[in-house]
Amino acid sequence: MNVSLDAALTEAESRFVAANPLSLARHESARGPMPGGNTRTVLHYSPFPLAWAKGEGATLTDLDGNSYTDFLGEYSAGLYGHSNPVIQAAMHKAIDDGTVLGGPNVYEAELAGLLKNRIPSLQQLRFCNSGTEANVFALMTAMAVTGRKKIMVFDGGYHGGVLYFGHGGIPINLPLDWVLAPYNDVEGTLDLIRQHGQDLAAILVEPMLGSGGCLPGRRDFLGALRQAASELGIILIFDEVMTSRLSSGGLQAALGVTPDMTTLGKYLGGGASFGAFGGRADIMAHYDPEKPGYWPHAGTFNNNVLSMAAGLTGLRDIYTPAAAMELNAKGDRLRDGLNALAQKHEVGIGATGCGSFIGLHFTKEIVDRPLHHADEEEARRGKLHKLMHLDFIAAGLFFARRGYMALSLALTEADIERFLAQTEEFILSRRALIG
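Residues numbered from 1 in each chain as written. Predicted model: local features only at pLDDT ≥ 70, side-chain atom pairs only at ≥ 80, totals over all residues. Heavy atoms only, no water.

### Remarks on the packing of aromatic side chains
So, step 1. Following the criterion strictly, the structure yields 21 aromatic pairs and no others.
So, step 2. An angle of 70 degrees between the planes, with centres 6.0 Å apart, marks the rings of Y267 and Y319 as edge-to-face. Taken together, the positions of Y267 in the loop between β11 (261–265) and β12 (275–279) and Y319 in the loop between α10 (305–318) and α11 (321–345) put the pair 52 residues apart, joining distant regions of the chain. Take Y267 and Y319: they sit in the same class, and that class is buried.
So, step 3. In this structure an aromatic cluster arises from ring pairing among F71, F392, F399, F419 and F426.
So, step 4. Residue placement shows R245 over the ring face of F357; its charged tip is 4.8 Å from the ring centre.
So, step 5. Between the NZ or CZ atom of R402 and the centre of the ring of Y404, over which it lies, the distance is 4.8 Å. (Phe/Tyr/Trp six-rings, centres within 6.5 Å; stacked < 30°, edge-to-face > 60°. Helix = DSSP H or I, 4+ residues; strand = E, 2+ residues; numbered from the N terminus. Buried < 20%, exposed > 50% of the residue type's maximum accessible area, 1.4 Å probe, protein only. Lys NZ or Arg CZ within 6 Å of the ring centre and 35° of its normal.)

Laid out in structure tokens, this is it:
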């Protein structure tokens, strides 16, 4: 099977290279000033990544003029598609009115008010530049409030470029005192909390693992974290950088579990850079510059007018609670359709996720926590992901190589049906390789 899989990959890569000479040339030239021709690791894949020339609606066009229906949605930041006219008008107005103003602007307070009213835990909040920044600020806040140093995170978690906990972490993670716990394992996690509880400043958790495979957190698991944190004076932080779009009040509202702090980012900038952190008023009061002994919170572009204008317009005028429900229903239909095809053809493919997020796995197992396999099996599954990615690119459909999708408002029901049809074609043509 491995020889056949390798042969299929060789053919698929050759087809990809032949179809994309300008993306290849761009990649080769970019390797001079940037290591690997890359400045954002997740965008790299072999033999080289497609370089985009244009995006319109849910369609991406590469340098070679090939067009693709986009199911990746800029890793969830592209909620509104690539050219929403309402968002574009708001950003044009902000540009016309002048940028880098060096003071409060007309957008930020209204956007903060909208977020406060929607997300249960946000009694007060502050803006920053990215989800990574938001999580760093939230963690440092928790440590300062509690006077403790340890932070509990979870296997497979991703909280930003220096807060990465997949496959044991990375060398450039912040050198904090981490306690790594098993996701969705109530007893295993509670055992660790009992061991470290008096030293834990915070529990940082995604209510759905995003980078870890779109694995929803179980209600009993997140509820147990809430109870333990309350009992031991630990600050519970929900990283909703991705998941805040899963209901009008974030995934915390849908699950009925309210953390002490929440971090935000991605789509909430309307396509511009964005981050926010907030929570209980007594915690956030430390950042009030009108109070003695306040804690400074700096950031030149915290209230960037482009982010504030686009973010406000998107949340107020486009991503209404009704729009969130409709998009999530579309994602549920795609996920259910993918799993139905796998069951129909009895192949080892499974789709996980919640609402508009989907994770594809080459397994029949019920997945609710990161899977760890022997090296040989891990390599085989990686090759299958690569083959599927290249086959779908050849068919004009784009998503992340690891099998991740984040649907945008620009996708249609016809796009969903086309993806399902291509999945069935992939299963039928590659069935012997999938197993």
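Next comes the rest of the account.
### A closer look at the pairing of strand β13 (residues 350–354)
So, step 1. Extensive coverage of β13 is indicated by the burial of four of its five residues.
So, step 2. Relative to strand β14 (residues 357–361), β13 is paired through five bridges, and the arrangement is antiparallel. Residue A351 lies in a different strand from β14, and its bridge partner there is L360.
So, step 3. Turn length for the β13-β14 hairpin, with the two strands adjacent in sequence and antiparallel, is two residues, and the turn residue G355 shows positive phi of about 55 degrees. (Pairing = 2+ DSSP bridges.)

### Details of the packing of helix α3 (residues 85–97) against α10
So, step 1. Where α3 contacts α10, the axes come no closer than 9 Å and their chain directions differ by 150 degrees. Crossing of α3 against α10: the hand is right-handed. Between α3 and α10, the residues in contact are V86, I87, A90, M91, A94 and I95 and V305, L306, A309, A310, T313, G314 and I318, respectively.
So, step 2. Across the contact of α3 with α10, the residue classes tally to eleven nonpolar, two polar and no charged. (Axes fitted to C-alpha atoms, helices over the stretch in contact; angles between N-to-C directions. Left-handed = near helix turned anticlockwise from the far one by under 90°. Contact = heavy atoms within 4.5 Å. Nonpolar A, V, L, I, M, F, W, Y, C, P; charged D, E, K, R; others polar.)

### A short note on the pattern of salt bridges
As a working rule, side chains carrying opposite charge can pair if their charged atoms are close by.
So, step 1. In total, this model carries 26 salt bridges according to the counting rule given.
So, step 2. Among the salt bridges present, the one from R333 reaches E413, with a minimum N-O distance of 2.3 Å. Taken as a pair, R333 in helix α11 and E413 in helix α13 (residues 413–434) lie far apart in primary sequence, 80 residues in all.
So, step 3. With relative accessibility at 36%, the residue E413 sits in the partly exposed group.
So, step 4. Because the salt bridges share partners, they merge into one network encompassing D185, R218, D220, D368 and R369. (Salt bridge = Lys/Arg side-chain N within 4 Å of Asp/Glu carboxyl O.)

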